[in-house]
Amino acid sequence: MPAEGIFVNLPRKTLEDIRDKAVALILEGKTIMSYGDGSTNASKQFAMPPKEMLQEANYALLKLDGRVRTLYTNYNRSSFK
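In this report, the structure presented in the accompanying data block is examined. All of these numbers come straight from a predicted model, not from anything done at the bench. (Residues numbered from 1 in each chain as written. Predicted model: local features only at pLDDT ≥ 70, side-chain atom pairs only at ≥ 80, totals over all residues. Heavy atoms only, no water.)

## Observations regarding the overall build of the chain
Counting its secondary structure elements, the chain contains 2 helices and 2 strands. Of all 81 residues assigned to the chain, the portion counted as buried reaches 16%. For the chain, the exposed area adds up to about 7,000 Å²; of that, 53% sits on carbon and sulfur atoms. (Helix = DSSP H or I, 4+ residues; strand = E, 2+ residues; numbered from the N terminus. Buried < 20%, exposed > 50% of the residue type's maximum accessible area, 1.4 Å probe, protein only. Areas by Shrake-Rupley, 256 points an atom, 1.4 Å probe, with all protein chains shown as cover.)

Below, the structure written as structure tokens:
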């Protein structure tokens, strides 16, 4: 799944912090947690999975550095043979 660009235009420091946090979560093996004791239930989940966080942060950093190209297609062109 390609990056959506949701972190584009954030400051470089913020993007680097997001990237570093995503890497830390991946290396720690953090997962979604849920537990219950009969009458009490609790769950904790990520706002964004670490893999997606890392992908989005890397995309925004590449875009900030000007290394992401956009593909433009002209569907209205005429072809002559």
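## As for the pattern of salt bridges
Where charged atoms from two side chains of opposite charge come close, those side chains can pair. A complete count under the given rule lists 3 salt bridges for this structure. Salt-bridge contacts for aspartate 17 lead to lysine 13; the nearest nitrogen and oxygen are separated by 3.0 Å. Taken as a pair, aspartate 17 and lysine 13 lie in helix α1 (residues 12–28) at a separation of 4 residues, close to a single helical turn. With a closest N to O distance of 3.4 Å, arginine 19 and aspartate 20 form a salt bridge. (Salt bridge = Lys/Arg side-chain N within 4 Å of Asp/Glu carboxyl O.)

## Some words on the environment of phenylalanine 7
Here phenylalanine 7 is to be found in the segment before α1. Sequence-wise, phenylalanine 7 and tyrosine 59 are 52 residues apart; in three dimensions their C-alpha atoms are separated by 8.2 Å.

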